[in-house]
Amino acid sequence: MTKAAKRSGRAGAGAGAAGTGPTVTLCRGCCCGTERKHPGIDHAGQVERLRSGTVDAGRVRVSDCLDACAQSTVAVVSPSTAGRAAGGRPVWLLGVLDRDTEDEITAWVQAGGPGVAEPPGLLDLRVFTPARRIRNQMD
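All of these numbers come straight from a predicted model, not from anything done at the bench.

### A closer look at the sheet that holds strand 3 (residues 75-78)
Phase 1: Strand order in the open sheet formed by five strands is 2-1-3-4-5, and the pairing between neighbours is mixed. Bordering the open sheet on either side are strand 2 (59-63) and strand 5 (127-128), each of which pairs with just one other strand.
Phase 2: Two strands pair when backbone bridges link them, and strand 4 (residues 91-93) and strand 5 are joined in this way by two bridges, in the antiparallel orientation. Residue pairing in the sheet places leucine 93 in a bridge with valine 127 of strand 5.
Phase 3: Sheet strands touched by helix 2 (residues 43-54): strand 1 (23-27) and strand 2. Its angle to strand 2, the strand with the most contacts, is close to 155 degrees.
Phase 4: Relative to strand 3, helix 4 (residues 99-111) is tilted by about 10 degrees, and along the sheet it contacts strand 1, strand 3 and strand 4.

### Some details on the nonpolar core
Phase 1: Of all hydrophobic cores here, the largest spans 17 residues; its most connected members are Val24, Ala75, Val77, Leu93, Ile105 and Trp108.
Phase 2: Looking at this core, the elements that each hand over two or more residues are strand 1, helix 2, strand 2, strand 3, strand 4 and helix 4.
Phase 3: At three residues, helix 4 tops the list of elements feeding residues into this core.
Phase 4: Within the second largest apolar cluster, nine residues are counted, among which are Cys27, Cys32, Phe128 and Ile134.

### Concerning the side chain of serine 80
Phase 1: Structurally, the position occupied by serine 80 is in the loop between strand 3 and helix 3 (81-85).
Phase 2: You can call serine 80 buried: its relative accessible area is 7%.

Rules behind the numbers
- Every residue gets a number counted from 1 within its own chain, in the order that chain's sequence is written.
- With the structure being a predicted model, the display of local features is reserved for residues of pLDDT at least 70 and the display and counting of side-chain atom pairs for 80 or more, all residues being used for whole-chain, interface and lining totals.
- As a convention, hydrogens and water are excluded, and side-chain values are obtained from all of the structure's heavy atoms.
- Two strands are said to pair when DSSP picks up at least two bridges between them.
- Under the DSSP-based scheme used, a helix requires at least four consecutive residues in state H or I and a strand at least two consecutive residues in state E, with every element numbered from the N terminus.
- The contact rule is simple, with two residues in contact once any of their heavy atoms fall within 4.5 Å.
- Where helices are involved, their axes are fitted lines through C-alpha atoms of the stretch in contact, as for all axes, and angles between N-to-C directions lie from 0 to 180°.
- To qualify as a nonpolar core, a set must consist of buried Ala, Val, Leu, Ile, Met, Phe, Trp, Tyr and Cys residues joined through side-chain atoms within 4.5 Å.
- Between buried and exposed lies partly exposed: a residue is buried under 20% and exposed over 50% of the maximum accessible area for its type, with that area taken using a 1.4 Å probe on protein chains only.

Below is the structure:
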């Protein structure tokens, strides 16, 4: 089990909870999910909105830290079983701080996520590549 998996929180219900749907891992650690770094953001509400929006298609996990603090707030969308079979890999997203981005993540999970569907809207502008050491933790 990876460090990121060990630091993760509970899964949502539905298809994703069974391990077949995409997984969204949302950083909530030292900076991403804090009022200190991002004042005025409803961090707990963000987690709940993502969970409720993906409940029938995937799951949302919370990580203490994904070690990409400069890109805060970070989310990683990992492929479903079908997405991984189609060659999908985890996709790292930076600056996940607004409802439009949350809605696009939710829509992507509902559409099947990496390997199954292209990221909707402007979500592809938030994609970044973390250091190899960090990426390997999510693979």
